[in-house]
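Understanding the architecture of this molecule
As a plain string of letters, each chain reads:
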Amino acid sequence: MIYGVAGAVDALTFYPAGKVMDRHGRRWVAVPSTLVLGTAFLVMPLTDGAVLLTVAAMVMGFGNGIGSGIVMTLGADVSPAVGRPTHLGIWNELADIGTGVGPLVLSAVTALAGLGAGIVASGLVGFLAAGALWRWIPRPGRSRA
């Protein structure tokens, strides 16, 4: 039930997030997405029952939903006209590597310090991602020099 409710929140945010992204730029979606996800991860170990876990999962679903498709959108935005297929293939490969490394980091920290610490580490990665996205996402109307 918790997973289903979080998934519904996730799915309900796809379209509005896309509208915001198209109107205001990628930062307006990417940075809040990672901040919300990071915060949800940090709060999750503090939950002590189904209701609070559901709320944390809904927040996580919201953060994930507003960031839906952002990695591929950014890849398309920064791809060069010449060599676009190669660029996007490498971009996808790097994204897949990141998707695979996340569970390894969570597992390693969990093995060393416990599940709560592993989840907190995941949240901190979200904040690092927000900083990186803020720094490197091209601003609308500015060149990518």
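So, a few notes on the structure that sits alongside this text. Because the structure is predicted, anything quoted here is derived from the model rather than measured. (Residues numbered from 1 in each chain as written. Predicted model: local features only at pLDDT ≥ 70, side-chain atom pairs only at ≥ 80, totals over all residues. Heavy atoms only, no water.)

**A closer look at the overall build of the protein chain**
Tallying secondary structure elements over the protein chain gives 7 helices and 0 strands in all. Reading the secondary structure of the protein chain in the N-to-C direction produces α-α-α-α-α-α-α. Summarising its shape, the C-alpha atoms of the protein chain cover approximately 50 × 35 × 25 Å along the three principal directions. Counting only residues that meet the buried cut, the protein chain has 27% of its 145 residues in that class. Pairs at least 24 apart in sequence give 70% of the contacts found in the protein chain among residues at least 6 apart. As displayed, the protein chain has an accessible area near 9100 Å², and 72% of this comes from carbon and sulfur atoms. Separation between the mean location of the 9 positive side-chain charges and that of the 6 negative ones in the protein chain comes to 17 Å. (Helix = DSSP H or I, 4+ residues; strand = E, 2+ residues; numbered from the N terminus. Buried < 20%, exposed > 50% of the residue type's maximum accessible area, 1.4 Å probe, protein only. Contact = heavy atoms within 4.5 Å. Areas by Shrake-Rupley, 256 points an atom, 1.4 Å probe, with all protein chains shown as cover. Lys, Arg positive; Asp, Glu negative; His and termini not counted. Charge placed at Lys NZ, Arg CZ, Asp CG, Glu CD.)

**Overview of helix H3 (residues 27–43)**
In this model, H3 (17 residues) spans 24 Å end to end at C-alpha, consistent with the 24 Å of a helix rising 1.5 Å per residue. Buried residues along H3 sit in contact with helix H2 (14–24), helix H4 (50–66), helix H5 (70–78) and helix H7 (115–136). (Expected span 1.5 Å × (residues − 1).)

**Quick look at the nonpolar core**
Generally speaking, nonpolar side chains in soluble globular proteins are found buried as a group. Ranked by size, the top nonpolar core spans 8 residues in total: Ala17, Met21, Val29, Ala30, Ile66, Ile70, Leu74 and Ile137. At the level of secondary structure, the elements contributing two or more residues to this core comprise H2, H3 and H5. With residues near it in sequence (within four places) discarded, Val29 still touches Ala17, Val20, Met21, Ile66 and Gly67. (Core = buried A, V, L, I, M, F, W, Y, C linked by side-chain atoms within 4.5 Å.)

**Comments concerning the packing of H5 against helix H6 (residues 84–113)**
Contact pair H5 / H6: the axes reach a minimum separation of 10 Å and the direction vectors enclose 150°. One element, H5, and the other, H6, form an angle in the roughly antiparallel class. Note that H5 runs across H6; the crossing there is right-handed. Along its contact with H5, which presents Val71, Met72, Leu74, Gly75, Ala76 and Val78, the element H6 presents His87, Leu88, Trp91, Asn92 and Ala95. (Axes fitted to C-alpha atoms, helices over the stretch in contact; angles between N-to-C directions. Parallel < 35°, antiparallel > 145°, perpendicular 65-115°, else oblique. Left-handed = near helix turned anticlockwise from the far one by under 90°.)

**Regarding the side chain of Arg27**
Within the fold, Arg27 resides in helix H3. Although Arg27 lies buried, it forms no salt bridge, and the closest oppositely charged side chain, Asp77, sits 11 Å away as judged by the N-O distance. (Salt bridge = Lys/Arg side-chain N within 4 Å of Asp/Glu carboxyl O.)

**Quick word on helix H1 (residues 2–12)**
An α-helical turn contains 3.6 residues, so any two residues separated by three or four positions project in the same direction. For H1, the set of buried residues is Ala6, Val9 and Asp10. Across the axial projection of H1, the buried residues extend over an arc of 105°, all falling on one side. Packed against the buried residues of H1 are H2 and H4. (Arc of directions from axis to C-beta.)

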